[in-house]
Amino acid sequence: MNKNIIVGVDIGGTTVKIGLLKIDGKIIKKWEIETKKSKDGTQVVDDIWDSVLITLTELSIDLEQLLGIGIGAPGFIDGENGYVYEAVNLGWKDFNLSDYMSSKSGLPVFVENDANIAVIGENWLGAGNHSKDVIAVTLGTGVGGGIITSGKILNGANGTAGEIGHIIVDTSGYTCNCGRKGCLETIASATGIARQAMKIVKDKPASKLAKVFEENKTINSKDVFELAALGDDDCNQIIDYTADVIGFALANLSITLNPSKILIGGGVSKAGNQLLQPIKKYFTKYALPRISEACELRIAELGNDAGIIGAAYLVKNFKTE
Ligand SMILES: [Zn+2]
């Protein structure tokens, strides 16, 4: 039987995204299941495979048609052998995810960090356009990143390369989740933008932001972009400062990598040009001219599907290389 279907899996802290994809990356079906962390974290892997089997039956797809399984997971991962050093959110430590899933399914299994599969997916079918040197930054609840250099994903000595969110941009800034001060994530994540807005709420009780807070009892990054679009100075200043910091970090990072593309994704990137234009401005201001001339900054295109598409690419690339 023709092996022409790939399982792409993107494991997150609360949900797992699963897809059945064709070899060209087209999604046949995608769905989500809950991330259950019991049984030392193996429950979630069991659940994924059970749910794949159920879906195959529903769609009358034979198990024999599956080419392999690609998986992205949050944590420090050795992509060469599918070994997870540590994934705190999932309760994994020194776990051979690839072996475990392979022995359940009888299929070849390929594993990478979740930020890495997102950049691989974007570079295959999204905004990357098969570039050899790409930096991807994901502005979500936190700030993630993935780097492709000379066509290969960069993992580093122990799976920590590309943790762009932890570039320090303000040595006296807020304390980050990593325990250090002033990481990019403390300013440029949705959480960081909301914190900047809360400072305005406290300092300027007559501001528009304070009014929104009074009505909703909360402020998020979307409120900031919406008010900025209506001409609110405080919010425009927050966006300008955030873009300045992102542009600064990316310009410095680009000295090492000389990328042809920088892709900006994650929930915050839904602001589109409202965020992209000022980031471009500051990137150009801080980067070496030869570097900014060669580099295009773009908003990522695949949204939540980037992960399962990138995971599928791991299988396709290996099996057809
Ligand atoms: Zn940090």
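A quick note: this is a predicted structure, and the numbers were derived from the prediction, not measured. All residue numbers refer to position in the chain's written sequence, counted from 1. Confidence filtering applies because this is a predicted model: local features only for residues at pLDDT of at least 70, side-chain atom pairs given and counted only at 80 or more, and all residues used for totals across whole chains, interfaces and linings. Heavy atoms from the whole structure form the basis of all side-chain values; hydrogens and water molecules are not counted.

(A) Geometry of the overall build of the protein chain. The helix and strand labels rest on DSSP assignments: H or I over at least four residues marks a helix, E over at least two residues marks a strand, and numbering proceeds from the N terminus. A tally of regular secondary structure across the protein chain gives eleven helices and 13 strands. What you see for the protein chain is a C-alpha radius of gyration of 21 Å, in line with the 20 Å of a compact globule of 321 residues. Projecting the C-alpha coordinates of the protein chain onto the three principal axes gives extents of approximately 65 × 45 × 35 Å. Per-residue burial for the protein chain yields a buried fraction of 51% across its 321 residues. Of all intrachain contacts in the protein chain linking residues separated by at least 6 positions in sequence, the fraction that spans at least 24 positions is 61%. Shrake-Rupley sampling with a 1.4 Å probe provides the accessible areas, and residues are treated as covered by the protein chains on show and by no other component. For the protein chain, the computed accessible surface area is about 15100 Å², with 50% contributed by carbon and sulfur atoms. Asp and Glu count as negative and Lys and Arg as positive, but His and the ends of the chain are not part of the count. Throughout, a charge is located at the NZ atom of Lys, the CZ atom of Arg, the CG atom of Asp or the CD atom of Glu. The positive charge centre, built from 32 side chains, and the negative charge centre, built from 38, are 3 Å apart in the protein chain. Between the two quantities, the radius of gyration covers C-alpha atoms and the globule rule is 2.2 Å times the number of residues to the power 0.38. Classification of residues uses two cut-offs on accessible area relative to the type maximum, computed with a 1.4 Å probe and protein chains only: under 20% is buried, over 50% is exposed, and between them is partly exposed. Residue contacts are counted whenever heavy atoms from the two residues lie within 4.5 Å of one another.

(B) Geometry of the coordination of the zinc ion. Coordinating N, O and S atoms are those within 2.8 Å of the metal (3.2 Å for Na, K and Ca), and as water is not part of the atoms, a site may appear to have fewer donors than expected. Donor atoms from the polypeptide that coordinate the zinc ion comprise His166 (ND1), Cys176 (SG), Cys178 (SG) and Cys183 (SG), at 2.0 to 2.3 Å from the metal. Under the relative-accessibility criterion, Cys176 is labelled buried at 6%.

(C) Region of interest: the packing of helix α8 (residues 233-257) against helix α9 (residues 273-286). Where α8 contacts α9, the two axes come as close as 7 Å, and the packing angle between them is 50 degrees. The angle between the axes of α8 and α9 places the two elements in the oblique class. α8 and α9 meet at a crossing whose hand is right-handed. Residues Ile239, Asp240, Ala243, Asp244, Ile246, Gly247, Phe248, Leu250, Ala251 and Ser254 of α8 form the contact with α9, whose own contacting residues are Gln274, Pro278, Ile279, Lys281, Tyr282, Phe283 and Tyr286. A fitted line through C-alpha atoms serves as each axis, taken over the contacting stretch for helices, and the angle formed by two N-to-C directions is quoted from 0 to 180°. Roughly parallel refers to an angle under 35 degrees, roughly antiparallel to one over 145, roughly perpendicular to one between 65 and 115, and oblique to any angle outside these ranges. Two helices cross in a left-handed way if the nearer one is turned anticlockwise from the farther one by less than a right angle. They cross in a right-handed way if the turn is clockwise.

(D) Local environment of α8. For α8, which comprises 25 residues, the first-to-last C-alpha distance of 35 Å matches the rise-based estimate of 36 Å (1.5 Å per residue) to within 8%. Positive phi appears at Asn258, one or two residues downstream of α8, with a value of about 45 degrees. Between the first and last residue of a helix there are one fewer steps than residues, each counted as 1.5 Å, and that sum is the expected span.

(E) Layout of the packing of helix α7 (residues 221-229) against α8. The geometry of α7 relative to α8 is characterised by a closest axis approach of 7 Å and an angle of 120 degrees between their N-to-C directions. As for the relative orientation of α7 and α8, their crossing is left-handed in sense. Along its contact with α7, which presents Val224, Phe225, Leu227 and Ala228, the element α8 presents Cys235, Asn236, Ile238 and Ile239. Each residue is assigned to one class: nonpolar for Ala, Val, Leu, Ile, Met, Phe, Trp, Tyr, Cys and Pro, charged for Asp, Glu, Lys and Arg, and polar for all the others, Gly among them. Of the residues contributing to the contact of α7 with α8, the split by class is seven nonpolar, one polar and no charged.

(F) Structural detail: the environment of Thr138. The residue Thr138 is located in strand β9 (residues 134-139) in this model. Every residue in contact with Thr138, bar those within four places of it in the chain, is listed here: Val143, Gly144, Gly265 and Gly266.

(G) Focus on the pairing of strand β1 (residues 5-11). Counting buried residues along β1, seven of its seven residues qualify, which places the element largely inside the surrounding structure. Residue alternation in β1 divides its side chains into two sets, Ile5, Val7, Val9 and Ile11 and Ile6, Gly8 and Asp10, and both sets are buried. From the end of β1 to the start of strand β2 (residues 15-22), which pair antiparallel, there are three residues. Between any two strands, at least two bridges found by DSSP are needed for them to pair. Pairing of β1 with strand β4 (residues 66-73) involves six bridges; the strand directions are parallel. By the bridge assignment, Asp10 is partnered in β4 with Gly72.

(H) Broad picture of the side chain of Asp234. In this structure, Asp234 sits in helix α8. What makes Asp234 buried here is its relative accessible area of 10%. Within the structure, the side chain of Asp234 is placed 2.6 Å from the side chain of Lys204, a separation counted as a polar contact. If near-sequence neighbours (up to four positions away) are discounted, Asp234 is found in contact with Ile200, Lys204, Ser207 and Leu209. Here a polar contact is recorded for every N or O atom pair within 3.5 Å, except that within protein the pair must consist of a potential hydrogen donor and a potential acceptor, and residues adjacent in sequence are included only if both atoms are side-chain atoms.

(I) Quick look at the sheet that holds strand β7 (residues 92-96). With respect to topology, three strands assemble into an open sheet ordered β5-β6-β7, the strand pairing being antiparallel. Either end of the sheet is taken by a strand with one partner, and the two such strands are β5 (76-78) and β7. Averaged over neighbouring strand pairs, the angle between their axes works out to 5 degrees when direction is ignored. Pairing of strand β6 (residues 83-87) with β7 involves four bridges; the strand directions are antiparallel. In the sheet register, Glu86 faces β7, and the bridge partner there is Lys93. This element, helix α2 (residues 97-105), spans β6 and β7 of the sheet and lies at about 55 degrees to β7.

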